[in-house]
Amino acid sequence: MADLLVLEGIEKRFGGIHALKNVSLRIPENCIYGLIGPNGAGKTTLFNVITGLYEADSGLRMFRGKALPLTLKPHEILQRGIARTFQNIRLFNEMTALENIMVARHSKSKAGVLGAIFRTAGVRAEEQSIRERSEQLLEYVGMAGKGDRIARTLSYGDQRRLEIARALAAEPALLTLDEPAAGMNPTETADLAKLIQRIRTDRTNVLLIEHDVKLVMGLCDRVAVLDFGQVIAEGTPSEIQANPKVIEAYLGGG
Ligand code: ATP
């Protein structure tokens, strides 16, 4: 299977803390890929390196066969096709659900955000199409009819779904989800799992960090396990669950 994202020899230090040690990963196309590991293992740091929030000290990052220089900023990574959500939800709280998605689509559109402010006839037509596409996205994530709701008044599960819709508005080739099930109840988690499966089937590839091991094992095609900044195992969920190193470092306790 073709590689989607390749990391080779990624190193990241914070002062004396060696957070990522020679991390190499190959994430294939058409995949839900999970990243798990104990607290402090380096998962968020690796996520931040992939999405440009942190600059790795050294190593190689390739996406669809092209180098993504380590110096690229988050918006440049987004332009190249990797979108993300955050562990702590980051919505425009005072905007409506629909506006939250439309903002993301405007930055993708040719007219851009400035175009949306200085409205010409052409831009108005484009805005109408952005509105329609954004409404479709809301419906896609199971929030039809909630477009006029102010983001902060939405339920927690809906806020998480809205974040995913906003990330999808950029039409990424890889959607990265940082602990998408955190704080969700079992029903919301089950709905989320269905949504992620649907996204893989008809939209895009997914990479997620998640503490809910059961969710990861049931959902992901492949899983990598980080421990003390190193990849200690990589494979299918059944391979990972049977791996003695993983059981000792991580799964044994739970
Ligand atoms: P958790 O599951 O608790 O979120 P994690 O696997 O995501 O943990 P990281 O947050 O990536 O782990 O942390 C890896 C190591 O790097 C930890 O020792 C952490 O304290 C350190 N670290 C992470 N970010 C920073 C930072 N900005 N400055 C200093 N140290 C950091």
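This report concerns the structure included in the present document. (Residues numbered from 1 in each chain as written. Predicted model: local features only at pLDDT ≥ 70, side-chain atom pairs only at ≥ 80, totals over all residues. Heavy atoms only, no water.)

1. Digging into the sheet that holds strand S2 (residues 17–28)
Working step 1: Taken in spatial order, the four strands make up an open sheet running S2-S1-S4-S5, and their pairing is antiparallel. Strand pairing shows two members of the sheet lacking a second neighbour, S2 and strand S5 (66–67), which therefore form its edges.
Working step 2: The pairing of strand S4 (residues 58–63) with S5 spans two bridges and is classified as antiparallel. If you follow methionine 62 over to S5, its bridge partner there is alanine 67. (Pairing = 2+ DSSP bridges. Helix = DSSP H or I, 4+ residues; strand = E, 2+ residues; numbered from the N terminus.)

2. A few points about the sheet that holds strand S9 (residues 222–227)
Hydrogen bonds between backbone atoms are what pair the strands of a sheet, whose relative direction is either parallel or antiparallel.
Working step 1: If you trace the six strands from one edge of the open sheet to the other, you get S6-S7-S8-S3-S9-S10, paired in mixed fashion. Each of the sheet's edge strands pairs with one partner strand only, and the pair in question is strand S6 (82–84) and strand S10 (230–235). Adjacent strand axes in the sheet meet at a mean angle of 20° when their direction is disregarded.
Working step 2: In the sheet, strand S7 (residues 174–178) pairs with strand S8 (residues 205–209) via five bridges, with the strands oriented parallel. Among the inter-strand pairings, aspartate 178 is bridged to a residue of S8, identified as isoleucine 209.
Working step 3: Those strands touched by helix H1 (residues 43–50) are strand S3 (32–36), S6, S7, S8 and S9, and its axis lies near 145° from that of S8.
Working step 4: Sheet strands touched by helix H10 (residues 244–251): S3, S9 and S10. Its angle to S10, the strand with the most contacts, is close to 125°. (Axes fitted to C-alpha atoms, helices over the stretch in contact; angles between N-to-C directions. Contact = heavy atoms within 4.5 Å.)

3. Remarks on the environment of isoleucine 196
Working step 1: Along the polypeptide, isoleucine 196 turns up in helix H7 (residues 186–202).
Working step 2: A C-alpha to C-alpha distance of 21 Å links isoleucine 196 and glutamine 241, two positions 45 residues apart in sequence.

4. A short note on the site of the ligand
Working step 1: Surveying the vicinity of the ligand reveals 13 residues, the closest of which are Gly40, Gly42, Lys43, Thr44 and Thr45.
Working step 2: Here an oxygen atom of the ligand and a side-chain polar atom of asparagine 39 are 3.4 Å apart.
Working step 3: For the ligand, an oxygen atom lies 2.9 Å from a polar atom in the backbone of glycine 42.
Working step 4: Of all the elements in the fold, those that place two or more residues in the shell around the ligand are S2 and H1.
Working step 5: Here the shell around the ligand gets three residues from one element, more than from any other, and that element is H1. (Near = heavy atom within 4 Å. Polar contact = N/O pair within 3.5 Å; in protein donor to acceptor, adjacent residues only side chain to side chain.)

That's the geometry; what it means functionally is another story.
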